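Remarks on the overall topology
For reference, the chains in residue letters:
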Amino acid sequence: MEIFVECPDDVRAVLADPRFIPVPPDRSGPQGSMAWLRSAVARFSHGTDHVRRRAIVEADLAAIDPAALATAAARSSRPADEVAVAVLAEALGMPDVDTVVAEVPAIAAGYLMPGGAAAEHAADCAVAALVKLLGGTPDERVANRIGLLVQAYAATAALVRAAVEHGSIVDAAPVRTTRRVATVDTELAGAGDTLVLDLAAAGLPFGGEPRLCPGRAHAVAIAEGVAR
Ligand code: HEM
């Protein structure tokens, strides 16, 4: 069953409660595939896997100064959808930024909600291209680098568009909901139920601990840079 959770206190409680976990990937696949990517990133993990994978993302992001990203975004002539991925890939020292920018959308399209066979195949090709760019070994470090770029793609593009259209990102809420699955019977949901959490209603555009968006300072810096 799918349960929509709008009450801000309930949204906060579910986010903070380890009995509710991100919706686990529904398929497995070979190393270096889209299914592998979903199974290896912080976004869909919980417990010790999440702690370890999140540390990889945080280390990558800690090496990037948001102010430098803002400057790079201000100078970029790329369209709104591309700026965030391009400046992040550059800041991470990735080769061939154009390929990164071209491949990330196919991965982002089915990252949270896997699509049909054709979309999954396109995503498999895109993941393979990025794994190759990142040295060719599909390990957790590579997966979480790709995950970082994918997470940055759509949400930050929406912030950038708000910055361009309104000169401000104050009212932008690019991520309105997130999902969790109850692992046991709880007062809000039975074991196996999916909860759709209204982050916008709870005033939590970047989610909540322990999965608060680690890229929030970077995303805001990029959007503000574009609006300069
Ligand atoms: C530089 C841009 C960004 C990067 C690198 C980034 C990265 C990430 C990563 C790696 C996660 C997974 C964290 C985990 O599972 O522990 C995440 C989660 C999240 N991000 Fe971002 N993000 C960016 C931009 C944004 C923007 C612009 C928004 C919306 C305003 C946003 C909202 C969220 C939310 C709500 C979550 C938590 C999802 C959940 O709990 O289910 N992110 N982000």
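Residues numbered from 1 in each chain as written. Predicted model: local features only at pLDDT ≥ 70, side-chain atom pairs only at ≥ 80, totals over all residues. Heavy atoms only, no water.

**Digging into the coordination of the iron atom of the ligand**
Just one protein ligand coordinates the iron atom of the ligand, and it is Cys213 (SG) at 2.3 Å. Here Cys213 lies in the loop between β4 (194–198) and α9 (216–227). (Donors = N, O, S within 2.8 Å, 3.2 Å for Na, K, Ca; no water. Helix = DSSP H or I, 4+ residues; strand = E, 2+ residues; numbered from the N terminus.)

**Re the site of the ligand**
In the vicinity of the ligand, 26 residues are found, and the nearest of them are His50, Arg54, Thr178, Arg180 and Cys213. Within the side chain of Arg43, one N or O atom sits 3.2 Å away from an oxygen atom of the ligand. Of all elements in the fold, only α3 (47–62), α8 (140–166), β3 (177–182) and α9 reach the threshold of two or more residues within the shell around the ligand. Among the elements that make up the shell around the ligand, the one with the highest residue count is α8 (6 residues). Looking at side-chain class alone, the shell around the ligand contains 15 nonpolar, 7 polar and 4 charged residues. (Near = heavy atom within 4 Å. Polar contact = N/O pair within 3.5 Å; in protein donor to acceptor, adjacent residues only side chain to side chain. Nonpolar A, V, L, I, M, F, W, Y, C, P; charged D, E, K, R; others polar.)

**Digging into α8**
With 27 residues, α8 ought to run about 39 Å at 1.5 Å a step, and its terminal C-alpha atoms sit 39 Å apart, in line with that. Tyr153 marks the point of greatest bend in α8, at about 35 degrees. Just beyond α8, the residue with positive phi is Gly167, at close to 70 degrees. (Expected span 1.5 Å × (residues − 1). Bend = angle between axes of the 7 residues up to and from the residue.)

**Section: the nonpolar core**
The biggest cluster of nonpolar side chains holds 48 residues, and the ones touching the most others in it are Leu37, Val100, Ile107, Ile146, Leu149 and Ile222. Of all the elements in the fold, those that place two or more residues in this core are α2 (34–40), α3, α4 (66–75), α5 (80–91), α6 (97–109), α7 (117–133), α8 and α9. The leading source of residues in this core is α8, at 11 residues. Contact partners of Ile222, with chain neighbours within four places excluded, come to Leu69, Ala73, Val83, Ala84, Val87, Leu88, Thr156 and Val160. By size, the runner-up hydrophobic cluster in this structure holds 13 residues, among which are Val5, Val11, Ala182 and Leu204. (Core = buried A, V, L, I, M, F, W, Y, C linked by side-chain atoms within 4.5 Å. Buried < 20%, exposed > 50% of the residue type's maximum accessible area, 1.4 Å probe, protein only. Contact = heavy atoms within 4.5 Å.)

**Some thoughts on the side chain of Ser33**
Within the secondary structure, Ser33 sits in the loop between β2 (20–21) and α2. Those residues in contact with Ser33, other than ones at most four positions away along the chain, are Asp124 and Val127.

**Description of the pairing of strand β1 (residues 2–5)**
Of the two faces of β1, only the one carrying Ile3 and Val5 is buried; Glu2 and Phe4 on the other face are not. In this structure, β1 lies alongside β4, joined through 4 bridges in parallel fashion. When the sheet's bridge partners are listed, Phe4 is paired in β4 with Val196. (Pairing = 2+ DSSP bridges.)

**As for unusual backbone geometry**
A cis geometry characterises the amide bond from Glu209 onward to Pro210, with omega recorded as 5 degrees. Position of Pro210 among the secondary structure elements: in the loop between β4 and α9. Backbone geometry places Asp96, a non-glycine residue, at a positive phi of 55 degrees. Note that Asp96 resides in the loop between α5 and α6.

**Considerations on the sheet that holds β2**
In any sheet, the strands associate via hydrogen bonds between backbone groups, in a parallel or an antiparallel arrangement. Sheet architecture is open: 4 strands sit in the order β1-β4-β3-β2, paired in mixed fashion. Two strands in the sheet have a free side with no partner beyond their single neighbour: β1 and β2. Pairing of β2 with β3, which is carried by 2 bridges, proceeds in the antiparallel orientation. Considered in β3, the bridge of Ile21 is made with Val181. Sheet strands touched by helix α1 (residues 8–16): β1, β2, β3 and β4. Its angle to β4, the strand with the most contacts, is close to 125 degrees. (Axes fitted to C-alpha atoms, helices over the stretch in contact; angles between N-to-C directions.)

**Quick look at the packing of α6 against α7**
Packing of α6 against α7 leaves a shortest axis separation of 8 Å and a crossing angle of 145 degrees. Taken as a pair, α6 and α7 cross one another with a handedness that is left-handed. Between α6, through Thr99, Val100, Glu103, Val104, Ala106 and Ile107, and α7, the contact on the second element is made entirely by Ala122, Ala123, Ala126, Val127, Ala129, Leu130 and Leu133. In terms of residue class, the contact of α6 with α7 is built from 11 nonpolar, 1 polar and 1 charged. (Left-handed = near helix turned anticlockwise from the far one by under 90°.)

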